[in-house]
Amino acid sequence: MRYLSALFILACLASAPGAAATGLVQNRDVDEGIVSVALKGKVHARVVLPAGYDDSTLRYPVVYFLHGLPAGSTSYRGNAWVISALEAAGPAILVFPQGARDNDTDPEYLNWGVGREWETYVAEEVPHYIDAHFRTIRSRLGRALVGVSAGGYGATILGLHHLGSFAAVESWSGYFHPTDPSGTQPLQRGTAANAHTLIADLRASQKRQPTFFGFYVGRGDTRFRAENIQFDHELTVAGVEHVFELYPGAHQTSLWSSHATVWLRLALDRLARPST
């Protein structure tokens, strides 16, 4: 376990190469329609390109950001505060995959069967589409997976299932086993959907494929604080390198937005820099 010191946080903010960047070009904030085999239909991802994208030949790392659940079909268009936070953290492409539909509001980013293979869509189809249509760094060193609340669970479980695809994984006020829409009752989806059961193999996996794994929660988050502390303890006992932090605050946007730039910078520091 490693905690973030106040000096380290200030250093991250001061050294962020995009801290003085101009605003993103609005017409490069695009909504991509993706025909998904996993979901048996057309779904979406919001793609925000960094300032200067159109004037260069650089390939960029990509941050995939998963929204909370339950949610509707247009919730991927939200979390606008992440855009400015990433701009301050450093140049990268930001992707918000659609994580729910109006008739499927809490899929927990898991595979449920024909037409509801959400994990396959988010972890495989979306990166494949983004790599094919934008100038990305097409390797695990060019991808981070980050999520908030249920998206934090999604980032964790998909990241652990797909270590070959993502070099940085972060959970912001998330949890580590699937829950019902209230966030209080567990769903029985087998051991593969429970991150606690994957810890035993994670240390060896990290040696083969070094992965940054970090998570935090608010001290006032009565639903998820205890499990985050437990998960931190389990990782520490297992010798799995990670970063964990407890912050003042509850389960709310003000907590996430105030720490977003620092945590996005932590992820980008583990990825390849933009290059030709």
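One structure accompanies this document, and this report is about it. (Residues numbered from 1 in each chain as written. Predicted model: local features only at pLDDT ≥ 70, side-chain atom pairs only at ≥ 80, totals over all residues. Heavy atoms only, no water.)

**Structural notes on helix 4 (residues 150-161)**
The first and last C-alpha atoms of helix 4 sit 16 Å apart over twelve residues, in line with the 16 Å expected at 1.5 Å per residue. Most of helix 4 sits inside the fold, with eleven of its twelve residues counted as buried. Listing the buried residues of helix 4 in full gives Ala150, Gly151, Gly152, Tyr153, Gly154, Ala155, Thr156, Ile157, Leu158, Gly159 and Leu160. At its buried positions, helix 4 is contacted by strand 3 (62-66), helix 3 (118-133), strand 5 (143-148), strand 6 (168-172), helix 5 (199-208) and strand 7 (212-218). (Helix = DSSP H or I, 4+ residues; strand = E, 2+ residues; numbered from the N terminus. Expected span 1.5 Å × (residues − 1). Buried < 20%, exposed > 50% of the residue type's maximum accessible area, 1.4 Å probe, protein only. Contact = heavy atoms within 4.5 Å.)

**Describing the nonpolar core**
Judged by nonpolar contacts, the single largest core of 53 residues is most densely connected at Ile93, Val95, Tyr121 and Ile130. Among the elements that make up this core, the one with the highest residue count is helix 3 (seven residues). Look past the residues within four positions of Tyr121 in its chain and what remains in contact with it is Ile34, Ser36, Ala38, Leu39, Val43, His44, Ala45, Gln98, Val126 and Pro127. The next biggest cluster of nonpolar side chains, apart from the first, holds 33 residues, and it includes Val82, Tyr247, Val262 and Ala267. (Core = buried A, V, L, I, M, F, W, Y, C linked by side-chain atoms within 4.5 Å.)

**Observations regarding the sheet that holds strand 1 (residues 29-36)**
Pairing within the open sheet is mixed, and its eight strands lie in the order 1-2-4-3-5-6-7-8. The sheet terminates laterally at strand 1 and strand 8 (243-247), the two strands that pair on one side only. When the angles between neighbouring strand axes are averaged without regard to direction, this sheet yields 20 degrees. Where strand 7 meets strand 8, five bridges bridge the pair, whose relative direction is parallel. Its bridge partner being in strand 8, Phe215 is matched across the sheet by Phe244. Sitting on the sheet, helix 2 (residues 81-89) is in contact with strand 1, strand 2 (41-48), strand 3, strand 4 (93-97) and strand 6, with an inclination near 155 degrees to strand 4. Strands in contact with helix 7 (residues 253-268) are strand 3, strand 5, strand 6, strand 7 and strand 8; relative to strand 6, the strand with the most contacts, it is inclined by about 170 degrees. (Pairing = 2+ DSSP bridges. Axes fitted to C-alpha atoms, helices over the stretch in contact; angles between N-to-C directions.)

**Things to note about the side chain of Asp221**
With respect to the helices, strands and loops of the structure, Asp221 is situated in the loop between strand 7 and helix 6 (225-238). In this structure Asp221 is buried but unpaired, with Arg223 as the nearest side chain of opposite charge at 4.8 Å. Engagement of the side chain of Asp221 in a polar contact is seen with the side chain of His251, the distance being 2.6 Å. (Lys, Arg positive; Asp, Glu negative; His and termini not counted. Salt bridge = Lys/Arg side-chain N within 4 Å of Asp/Glu carboxyl O. Polar contact = N/O pair within 3.5 Å; in protein donor to acceptor, adjacent residues only side chain to side chain.)

**Observations concerning the pattern of salt bridges**
Taken as a whole, this structure holds seven salt bridges when the rule is applied. Here Asp29 makes a salt bridge to Arg46, at a shortest N to O gap of 2.7 Å. Placement of Asp29 in strand 1 and of Arg46 in strand 2 is noted, with a sequence separation of 17 residues between them. The class of Arg46 is buried, set by a relative accessible area of 13%. The partner of Asp269 in a salt bridge is Arg265, and the shortest N-O contact between them spans 3.2 Å. Classification of Arg265 as buried rests on a relative accessible area of 7%. Taken together, the shared-partner salt bridges connect Arg101, Asp104 and Arg116 into one network.

**So, the environment of Tyr109**
Mapped onto the elements, Tyr109 comes out in the loop between strand 4 and helix 3. Note on Tyr109: relative accessible area 0%, which makes it buried. For Tyr109 and Leu268, which are 159 residues apart along the polypeptide, the C-alpha to C-alpha distance reads 23 Å. Non-local contacts of Tyr109, meaning those with residues more than four positions away in its chain, are made with Leu66, His67, Leu69, Gly99, Trp118, Glu119, Val122, Ala150, Gly151, Gly154 and Leu158.

**Some points on the packing of aromatic side chains**
Geometry of an aromatic ring pair is reported as the spacing of the ring centres plus the angle between the planes. Per the stated rule, a full pass over the model turns up 18 aromatic pairs. Look at Phe215 and Phe244: their rings are 4.9 Å apart centre to centre, the planes differ by 35 degrees, and that puts the pair in the tilted class. With a gap of 29 residues between them, Phe215 in strand 7 and Phe244 in strand 8 connect regions that are remote in the sequence. Site record: aromatic cluster; members linked through ring pairs are Phe65, Trp81, Phe96, Trp172, Tyr216, Tyr247 and Trp263. In this arrangement the basic side chain of Arg135 is found over the ring face of Tyr53, its NZ or CZ atom lying 4.0 Å from the centre. (Phe/Tyr/Trp six-rings, centres within 6.5 Å; stacked < 30°, edge-to-face > 60°. Lys NZ or Arg CZ within 6 Å of the ring centre and 35° of its normal.)

**Topic: the pairing of strand 5**
The buried fraction of strand 5 is high, at six of six residues. Because side chains alternate across strand 5, one face comprises the buried residues Arg143, Leu145 and Gly147, and the other comprises Ala144, Val146 and Val148, equally buried. Pairing geometry for strand 3 and strand 5, over five bridges, is parallel. When the sheet's bridge partners are listed, Leu66 is paired in strand 5 with Gly147. In this structure, strand 5 lies alongside strand 6, joined through five bridges in parallel fashion. Opposite Val148, over in strand 6, you have Trp172 as the bridge partner. Viewed along the sheet, the connection from strand 5 through helix 4 into strand 6 turns out right-handed. (Right-handed = clockwise from strand over helix to strand, strands pointing away.)

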